[in-house]
Amino acid sequence: MRNILFVFAFLSLAIHLFAEDGSRLWLRYEPLPENIATHYSGKILYISSVNSETGKIIEKEFKEAFQAMTGKNLHSAKMDRGKNSICFEINKKLPEKYTIQTKPVKNGNYISIESADDKGLLYGMFHLLRLMQTQEDISNLNIRETPSYNRRILNHWDNIDGSIERGYAGASLWDWNDLPGTISPRYTEYARANASIGINGSVLNNVNANPKFISKEYLLKAAEIAKIFRPWGIQVYLSVNFSSPAELGGLPTSDPLDPAVRQWWKDKAKEIYSILPDFGGFLVKANSEGLPGPQDFGRTHADGANMLAEALEPYNGIVMWRAFVYNATSPDRAKQAYEEFMPLDGQFHKNVIIQVKNGPVDFQPREPFTPLFGAMQKTPLMVEFQITQEYLGFSKQLAYLAPLYKECLQSDTYAKGKGSTVAKCTDGSIFPQAITAIAGVANTGNDTNWTGHHFAQSNWYCFGRLAWNPDLTSEQIANEWIKMTFTNEPAFVEPVRQMMLDSREAVVNYMMPLGLAHLFAWEHHYGPQPWLAIPGARPDWMPSYYHKADAEGLGFNRTTTGSNAVSQYFPPLRDRYNSIETCPENLLLWFHHVPWNYRMQDGNTLWDELCYKYQAGVTSTRQFQNIWDKTASYIDKKRFDEVQYKLKVQTRDAIKWKDACLLYFQTFSRQAIPDAVERPVYDLEELK
Ligand code: GCW
């Protein structure tokens with residue numbers, strides 16, 4: 001009995017060597033089943049010509065992972081490519097970023113990972129480990145990989161005081177107070193996680209930028225972070241405040257055409273590169289939401305961006321200038337980025353790239369793509385996605401975002417005929433461009449599990465994977481992520497994958513279906529407040545600006561008889577959106593003001609359809625609870641319980657969304673909620 005207890009205690013110690021608290025992300029390297037493990041036996045690590053810091057990282061990571069997964073030790077050798085060895089080799093002439101191939105050798109074969117540089121070998125290593133973790137067959141490999149975008153960047157909206165704008169996973173990872181003296185071990189963990197999914201850049205601070213971030217004091221702090229990131233292939237970038245010359249430098253102006261201001265930025269760039277030799281460049285939010293910019297001095301976005309670009313050019317730095325601009329008086333916010341930036345096409349310096357949010361308003365659960373994609377043909381553009389779930393339920397709700405990202409990247413702009421997808425218009429394949437990039441607003445924080453919700457890790461993961469290759473399917477990515485993060489057990493993987501794939505549409509349905517947008521509560525953007533009307537507040541911050549509900553119907557008329565936003569798209573898309581008959585129903589209320597009794601494709605009236613959509617959203621969240629409850633035996637109790645609790649909150653809040661929106665819109669439609677829809681459990685007045 002005592003022995004049994006002892007064995008049991010030993011086993012559970014072994015099993016819980018690492019707490020399953022989500023901190024290990026998708027890099028858990030769980031032991032492989034015996035039959036698979038034997039298959040990998042006898043392989044030797046062989047690294048040639050990689051003596052860099054990165055080379056050391058590869059050797060350590062691969063050995064540890066291999067040992068953890070197979071129980072077998074690898075021996076480093078620098079001599080020959082023996083049978084069953086795994087070789088990491090620099091091949092300067094390789095056209096791809098890396099290859100992983102099975103190659104013959106005397107009496108057998110070996111695995112060869114090749115790249116022109118050590119960063120490529122790092123990515124190749126993580127690729128091979130991923131194949132092992134997901135129990136793929138690695139006996140006959142012929143993999144050639146090249147990333148679609150050269151710069152794959154996380155944007156952190158992290159502030160100097162450690163808070164994170166729209167962050168739902170604790171405080172900032174960067175301990176500005178303790179830097180540069182104290183280095184958190186999480187900097188390395190963060191860099192490693194990013195490298196494992198191909199992310200190679202990080203903007204450390206909020207686009208609502210404190211000028212102090214480019215003071216010498218803070219540059220020295222950022223330099224310590226950069227030192228940790230460097231061998232993992234991650235470049236540091238900073239957001240800058242356009243008024244820095246005045247606010248930090250004490251100049252009387254920050255006018256971009258003022259010679260003293262231009263010189264100030266040149267000197268600043270010189271200082272930055274003396275401290276951060278491989279600094280990536282600036283991210284700029286200017287003349288947006290009250291932030292300063294060139295228009296304050298009667299200058300254009302191009303004047304502002306080009307001044308910064310000239311300062312960074314000698315050091316190969318770039319400027320990512322955001323197109324997120326809108327003002328309170330515009331009759332249609334969705335048109336503004338296009339109106340302000342199109343006239344400037346071709347006027348930007350060659351190291352400027354315009355960073356454009358995926359949709360024309362603001363990271364809503366569903367928007368059409370921003371019409372600047374495909375339209376600005378003489379200026380490089382990059383997509384900005386939001387990984388943090390500002391408008392998709394924070395870290396309280398499960399919403400797997402690969403389908404949202406892909407919907408945008410695969411949208412056909414028709415800029416150069418059929419097939420001119422947003423991805424192709426931004427990756428250099430249609431419009432040759434010196435810089436290609438893609439950005440995601442990070443959802444990381446100092447929570448133990450990094451992202452608050454265990455499933456929110458999948459959004460960090462899928463952003464990286466799609467930034468590398470937008471052609472991967474949402475399903476494929478979910479599959480990998482689930483297997484690495486939880487278990488390879490099919491009885492777990494399959495239903496959980498389906499839940500993930502359905503989750504974004506569920507959120508759309510219970511929050512704002514059929515093309516509705518911005519029904520969010522004031523400021524925090526979590527719950528519904530479609531009725532919100534604050535006297536004197538900016539009209540474009542009020543939900544009624546977007547839904548336009550009245551006795552006749554619902555939705556924003558953006559057709560040729562309305563704001564004419566449709567004209568910003570190329571034909572035939574423009575015409576498709578313009579006609580109520582051909583407009584995709586999932587964007588109907590984005591483009592049209594639709595009568596309550598309008599017949600939808602399935603024969604329902606708009607009102608009934610709207611009710612069914614809200615119900616479908618709630619029903620999905622119930623299904624997620626059911627699916628999850630059946631998974632308890634496959635995973636650890638801690639993560640099971642935490643996800644179970646969050647799914648309960650999600651259903652509760654989905655019901656709130658449904659009741660709030662239907663009861664409010666009912667005051668306009670004056671029609672009954674169909675029988676098949678659950679009766680409201682809240683009162684409108686109570687919700688208000
Ligand atoms: O989505 C909105 C957010 C702001 C954010 C802004 C932006 C950083 O509500 O918090 O500010 O967009 O993207 O600049």
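What you see is a predicted model; the values in this text were computed from it and never measured.

## Re the nonpolar core
Side chains that are nonpolar tend, in soluble globular proteins, to be buried together. Counting residues in hydrophobic clusters, the biggest one holds 215 residues, and the most contacted among them are Phe229, Trp321, Trp628 and Phe665. Ranked by the residues each element gives to this core, the list is headed by helix 20 (residues 637-669), at twelve residues. The residues contacting phenylalanine 229, other than those within four sequence positions of it, are Trp174, Tyr187, Tyr190, Ala191, Ser202, Leu204, Ile234 and Val236.

## Description of the pairing of strand 4 (residues 98-105)
In terms of strand pairing, strand 4 meets strand 6 (residues 142-145) through four bridges, oriented antiparallel. Bridge assignment links threonine 99 to a residue of strand 6, and that residue is arginine 144. Pairing between strand 4 and strand 5 (residues 108-115): seven bridges, direction antiparallel. Across the sheet, the residue bridging to valine 105 is glycine 108, located in strand 5. Hairpin geometry of strand 4 and strand 5 is characterised by an intervening segment of two residues between the two adjacent antiparallel strands and by a positive phi of about 65 degrees at asparagine 107.

## Comments concerning the site of the ligand
Around the ligand sit 15 residues in total, of which Glu165, Lys285, Arg322, Lys357 and Glu390 are the nearest. One nitrogen or oxygen atom from the side chain of arginine 322 is found 2.7 Å from an oxygen atom belonging to the ligand. Coverage of the ligand by the protein amounts to 97% of the 340 Å² it exposes when considered alone. When grouped by side-chain class, the residues that make up the shell around the ligand number four nonpolar, three polar and eight charged.

## Some remarks on the packing of helix 3 (residues 53-70) against helix 4 (residues 118-133)
With their axes 9 Å apart at the nearest point, helix 3 and helix 4 run at an angle of 5 degrees to one another. The angle between helix 3 and helix 4 places the two elements in the roughly parallel class. Contact residues: helix 3 offers Thr54, Ile57, Ile58, Glu61, Phe62, Ala65, Phe66, Met69 and Thr70, while helix 4 offers Asp118, Lys119, Leu121, Leu122, Met125, Phe126, Leu128, Leu129, Met132 and Gln133. Among the residues forming the contact of helix 3 with helix 4, the class breakdown is 13 nonpolar, three polar and three charged.

## Structural notes on the domain arrangement of the protein
Taken as a whole, the protein is organised into domain 1 (22-145), domain 2 (151-472) and domain 3 (509-556 + 593-687). Summarising the inter-unit geometry, the C-alpha centres of domain 1 and domain 2 are found 33 Å apart. Counting residues at the interface gives 18 residues for domain 1, matched by 22 residues for domain 2. Note on domain 1 versus domain 2: buried area summed over both sides is about 1700 Å², and carbon and sulfur give 64% of it. Seen at the junction of domain 1 and domain 2, the total is one salt bridge. Residues arginine 192 and glutamate 61 are paired through a salt bridge, measuring 2.8 Å at the closest nitrogen-oxygen approach. Here domain 1 and domain 2 share six residue pairs in polar contact (both at pLDDT 80 or more) between them.

## Brief notes about the sheet that holds strand 13 (residues 381-386)
Overall, parallel pairing links the eight strands, which are arranged 7-8-9-10-11-12-13-14 in a closed barrel. The mean inter-strand angle of the sheet, taken between neighbouring strand axes irrespective of direction, is 25 degrees. Here strand 10 (residues 281-284) pairs with strand 11 (residues 318-322) via four bridges, running parallel. Counted as the bridge partner of glycine 281 is isoleucine 318 from strand 11.

## Section: the side chain of arginine 639
In this fold, arginine 639 is placed in helix 20. Looking at arginine 639, its side chain comes within polar contact range of the main-chain oxygen of threonine 485, at 2.7 Å. Apart from residues no more than four positions distant in its own chain, arginine 639 is found in contact with Glu20, Gly22, Arg28, His454, Thr485, Phe486 and Trp628.

## Digging into the pairing of strand 12 (residues 352-357)
Counting buried residues in strand 12 gives six out of six residues, a clear majority hidden from the surface. Residues Val352, Ile354 and Val356 line one face of strand 12 and the alternating positions Ile353, Gln355 and Lys357 line the opposite face, and both faces are buried. In this sheet, strand 12 lies alongside strand 11 in parallel orientation, the contact comprising four bridges. When the bridges of strand 12 are listed, arginine 322 appears paired with glutamine 355. The β-α-β motif built from strand 11, the intervening helix 10 (residues 336-341) and the parallel element strand 12 has right-handed crossover chirality. As defined by bridge partners, strand 12 adjoins strand 13 across four bridges and the pair is classed as parallel. For valine 356, the partnering residue across the bridge sits in strand 13 and is valine 383.

## Some thoughts on the sheet that holds strand 5
Strand order in the open sheet made by the six strands is 2-1-3-5-4-6, with mixed pairing throughout. The open sheet has two free edges, formed respectively by strand 2 (76-77) and strand 6, since each of these has just one partner strand. The sheet contacts of helix 3 involve strand 1 (45-48), strand 2 and strand 3 (86-90), and relative to strand 1 the element is tilted by about 175 degrees.

## Thoughts on unusual backbone geometry
Residues other than glycine predominantly adopt negative phi, and peptide bonds predominantly adopt the trans conformation. Here the bond from leucine 179 into proline 180 is cis, since omega is 0 degrees, no more than 30 degrees from zero. Phi angles above zero are rare outside glycine, and histidine 518 is one such case at about 55 degrees. Summarising the element assignment, histidine 518 is placed in the loop between helix 15 (490-511) and helix 16 (543-547). Backbone geometry places arginine 670, a non-glycine residue, at a positive phi of 55 degrees. In this structure, arginine 670 sits in the loop between helix 20 and helix 21 (684-687).

## Considering helix 3
Here helix 3 contains 18 residues, and its C-alpha end-to-end distance of 26 Å stays within 8% of the 26 Å for a straight helix at 1.5 Å per residue. For helix 3, the full list of buried residues reads Thr54, Gly55, Ile57, Ile58, Glu59, Glu61, Phe62, Ala65, Phe66, Met69 and Thr70. Packed against the buried residues of helix 3 are helix 2 (34-39), strand 1, strand 2, strand 3, helix 4 and helix 5 (186-196). Following helix 3 by one or two positions, glycine 71 adopts a phi angle in the positive range, close to 75 degrees.

Reading the values: rules and limits
- Residues numbered from 1 in each chain as written.
- Predicted model: local features only at pLDDT ≥ 70, side-chain atom pairs only at ≥ 80, totals over all residues.
- Heavy atoms only, no water.
- Core = buried A, V, L, I, M, F, W, Y, C linked by side-chain atoms within 4.5 Å.
- Buried < 20%, exposed > 50% of the residue type's maximum accessible area, 1.4 Å probe, protein only.
- Helix = DSSP H or I, 4+ residues; strand = E, 2+ residues; numbered from the N terminus.
- Contact = heavy atoms within 4.5 Å.
- Pairing = 2+ DSSP bridges.
- Near = heavy atom within 4 Å.
- Polar contact = N/O pair within 3.5 Å; in protein donor to acceptor, adjacent residues only side chain to side chain.
- Areas by Shrake-Rupley, 256 points an atom, 1.4 Å probe, with all protein chains shown as cover.
- Nonpolar A, V, L, I, M, F, W, Y, C, P; charged D, E, K, R; others polar.
- Axes fitted to C-alpha atoms, helices over the stretch in contact; angles between N-to-C directions.
- Parallel < 35°, antiparallel > 145°, perpendicular 65-115°, else oblique.
- Domains from an automatic or database assignment.
- Buried area = accessible area lost by both parts, 1.4 Å probe.
- Salt bridge = Lys/Arg side-chain N within 4 Å of Asp/Glu carboxyl O.
- Right-handed = clockwise from strand over helix to strand, strands pointing away.
- Expected span 1.5 Å × (residues − 1).

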